[in-house]
Amino acid sequence: TMWPLYLCVLIFLFCVSSSSSSSCPPVNPQPDVDPWTMRLPSAGFGGIDKESVDGFSDVFLYSPQRSFKIGGRLNWGATLVFFGESNDDSSNVLDKHDTGRELQVALYDQDRINQGCACNASCTQPGAHSCGSGNNFLGWDPVQGGNVCDEGAAVLSYSQVGDALQFVVQPYQWNGDWDNGCSCTQRTCPYAPEPVDLHLTIELRFVEENIVEVMTQVQSFENYDHAVSGQEFPCLYVSFGQFGPDLNVLLDSSGKKIAFDTNNGQVGVTFFNSTNAWTAWQDQNMDYGVGFVSDQGITSWVGTQGPPGPGYFHYVRPLNNFSVKGNGAMIRGLSYLILGNYNTVEGLYTQYVTHRPPFGSLDVPAQGSTTYYTSSSGIRVEGWALASQPGTFITVEIDGKALAYLPLNIYPFLLLLHMYSTSVSFFLFLL
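Keep in mind the model is a prediction, meaning the values are calculated, not measured. (Residues numbered from 1 in each chain as written. Predicted model: local features only at pLDDT ≥ 70, side-chain atom pairs only at ≥ 80, totals over all residues. Heavy atoms only, no water.)

Colleague: Let's hear about the overall build of the protein: which residues, and what values?
Modeller: Looking only at helices and strands, the protein features two helices and 28 strands. Burial analysis of the protein (431 residues in total) assigns 53% to the buried set. Relative to all contacts within the protein whose residues are 6 or more apart in sequence, the contacts with residues 24 or more apart total 65%. Accessible area for the protein stands at about 18,500 Å²; split by element, carbon and sulfur atoms hold 51% of it. (Helix = DSSP H or I, 4+ residues; strand = E, 2+ residues; numbered from the N terminus. Buried < 20%, exposed > 50% of the residue type's maximum accessible area, 1.4 Å probe, protein only. Contact = heavy atoms within 4.5 Å. Areas by Shrake-Rupley, 256 points an atom, 1.4 Å probe, with all protein chains shown as cover.)

Structure representation (structure tokens):
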């Protein structure tokens, strides 16, 4: 199905009159469409099963024809530990080494990035006291998988929601001593984990037999906000040969290989841009792997690869920067996983993901209100719209007649605000 790449704003009722006291015929407008529902259609529901795997409890969502499955580990905060063929465990493209290496969400705050200065949010200040920059001394860092002691975060619930499998998780602080009175003292593992006053919701839904939409939602109940920081929302660790194929080749969307310097046993880190909003990890022959797609249209990525040996791993994420707000504020995002070789990923991305519908909201006139027009005043039409592909436009219609037109791609300076490749944050017409 080809999605029409436009957003049509319909004004439900106008009364042309010289006085606001005049009456208008009754109109029963249709309710506004929730922008969050403007997504790719489901491919169907193949079932949900809970299974025991290697001593862990994993919950799987099956594709409509049950050819493929994707699964979250209840012992590790429902992080995603399997995506592959339903009847072939060796086809798994996801890492499941420990509570820090899967497909999962982890959050950060630059003002509280390290133990020692996280206690008073001073980490970005000159001369800030920091206990160290390694993973063991991280500051505020809710991790879906669990903590540094390999204790998995709490899964509050899992259930079927429509055609999706939904997990609700309360993450743990990676470092339970992150705000230990500005001290650098640390306990020895194991110790009681520190739950964060924050909920993560993950929803998995097949939009094609081997394409999974991954919805990630953060809702913080803390009473303070966090600084804009680079977030893992989510990040992807792929199979490194122990639990499935060794997906050691990272490609951008044009098929270019991303190079890593792992000489002398160091971890290779590479920042790169991808022509389109996706990357793909593939095996050495580039005939099998997984594509990772950013619905927000993000084309800036970072990849990491460990050196051969005990520290061997493969990682990538989009450069997604935002602030986690407290007091119940919510952040939601979409990603997609596409199973297959590079050509399969490229073809399915073009066929399905690029036709994801735009979305937005009409704020003025308010839903159900009556707008009066006089010769001395215009009609104000105001709202917002977002789209991840070019060619999207907004039209305003009254009684089926188009009165205004606005292409979304004429405001590229708004990209940083919403991270969509083609977006209008706000629109305003005076008719």
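Now that the structure has been shown, we can carry on.
Colleague: Could you give an account of the sheet that holds strand E13 (residues 211–220), naming the residues involved and the relevant values?
Modeller: Read across the sheet, eight strands follow the order E9-E10-E12-E13-E22-E18-E17-E15 without closing on themselves; strand pairing throughout is antiparallel. Edge positions in the sheet fall to strand E9 (154–161) and strand E15 (249–252), since each has one partner strand and no second. Neighbour-to-neighbour, the strand axes of the sheet open up by a mean angle of 20 degrees, direction not taken into account. Relative to strand E22 (residues 330–339), strand E18 (residues 289–294) runs antiparallel, the two being bridged by five bridges. The residue of E22 that forms the bridge with Val-293 is Tyr-336. The sheet strands contacting helix H1 (residues 342–351) are strand E12 (198–208), E13, E15, strand E17 (278–282), E18 and E22, and the helix crosses E17 at an angle near 155 degrees. (Pairing = 2+ DSSP bridges. Axes fitted to C-alpha atoms, helices over the stretch in contact; angles between N-to-C directions.)

Colleague: Give a description of the pattern of salt bridges that names residues and reports values.
Modeller: Taken as a whole and assessed by the stated rule, the structure comprises 10 salt bridges. The residue Glu-51 makes a salt bridge to Lys-69 at a minimum N-O spacing of 3.7 Å. Taken together, the residues Glu-51 in strand E3 (residues 48–53) and Lys-69 in strand E5 (residues 68–73) connect sequence positions 18 residues apart. Between Glu-213 and Arg-205 there is a salt bridge whose closest N-O contact spans 2.9 Å. Across this residue pair, the class does not change: Glu-213 and Arg-205 are buried. One network of salt bridges, in which partners are shared, links Arg-39, Arg-205 and Glu-213. (Salt bridge = Lys/Arg side-chain N within 4 Å of Asp/Glu carboxyl O.)

Colleague: Describe the state of the cysteines, listing the residues and the values that go with them.
Modeller: Applying the stated criterion to the full structure yields four disulfides. Note on cysteine connectivity: Cys-119 is disulfide-linked to Cys-182, with sulfurs 1.7 Å apart. In this structure the cystine formed by Cys-119 and Cys-182 twists about its S-S bond by roughly 95 degrees; its chirality is therefore right-handed. Highlighted residues: Cys-119 in the loop between strand E7 (103–106) and strand E8 (142–143) and Cys-182 in the loop between strand E11 (172–173) and E12, separated in sequence by 63 residues. What makes Cys-182 partly exposed here is its relative accessible area of 31%. (Disulfide = S-S within 2.5 Å.)

Colleague: Before we move on, could you go through the nonpolar core and cite the residues and values that matter?
Modeller: By size, the foremost hydrophobic cluster in this structure holds 48 residues, and its most contacted members are Ile-70, Phe-83, Phe-167, Leu-204 and Leu-236. Judged by nonpolar contacts, the second largest core, of 18 residues, contains Trp-36, Val-293, Tyr-349 and Val-353. (Core = buried A, V, L, I, M, F, W, Y, C linked by side-chain atoms within 4.5 Å.)

Colleague: If you had to explain the packing of aromatic side chains to someone new, which residues and values would you point to?
Modeller: If you walk through the whole model with that rule in mind, you get 11 aromatic pairs. Taking the centre distance of 6.4 Å and the plane angle of 40 degrees together, the rings of Tyr-158 and Phe-167 count as tilted. Since its relative accessible area comes to 0%, Phe-167 is described here as buried. Geometrically, the ring pair formed by Tyr-237 and Phe-313 is tilted, given 6.0 Å between the ring centres and 50 degrees between the ring planes. In this pair, Tyr-237 sits in strand E14 (residues 229–238) while Phe-313 sits in the loop between strand E19 (300–305) and strand E20 (314–318), placing the two residues 76 residues apart along the sequence. One aromatic cluster is present, built from ring pairs that chain together Tyr-237, Phe-313 and Tyr-315. For the cation-ring pair, Arg-66 lies above Tyr-62, with the distance from its terminal atom to the ring centre recorded as 3.8 Å. (Phe/Tyr/Trp six-rings, centres within 6.5 Å; stacked < 30°, edge-to-face > 60°. Lys NZ or Arg CZ within 6 Å of the ring centre and 35° of its normal.)

Colleague: Explain the side chain of Thr-354 to me, and be specific about the residues and the numbers.
Modeller: In this fold, Thr-354 is placed in the loop between H1 and strand E23 (359–364). On the basis of relative accessible area, Thr-354 is assigned to the buried category, the value being 13%.

Colleague: Account for the pairing of strand E16 (residues 268–273), naming residues and giving values.
Modeller: Judged by which residues are buried, E16 turns out to be one-sided: Gly-268, Thr-270 and Phe-272 face inward and are buried, whereas Val-269, Phe-271 and Asn-273, on the alternate face, are not. Alignment of E16 against E19, held across six bridges, turns out to be antiparallel. Within E19, the position partnered with Thr-270 by the bridge is Gly-303.

Colleague: Give me the lowdown on a nonpolar patch on the surface, citing residues and values where you can.
Modeller: A grouping of Val-267, Val-269 and Phe-271 is seen on the molecular surface, where their side chains present a nonpolar patch of about 300 Å² in accessible area. Along the chain, Phe-271 falls in strand E16. Since its relative accessible area comes to 58%, Phe-271 is described here as exposed. (Patch = residues over 30% accessible without salt bridge, like charges linked within 9 Å, V, L, I, M, F, W, Y side chains within 5 Å.)

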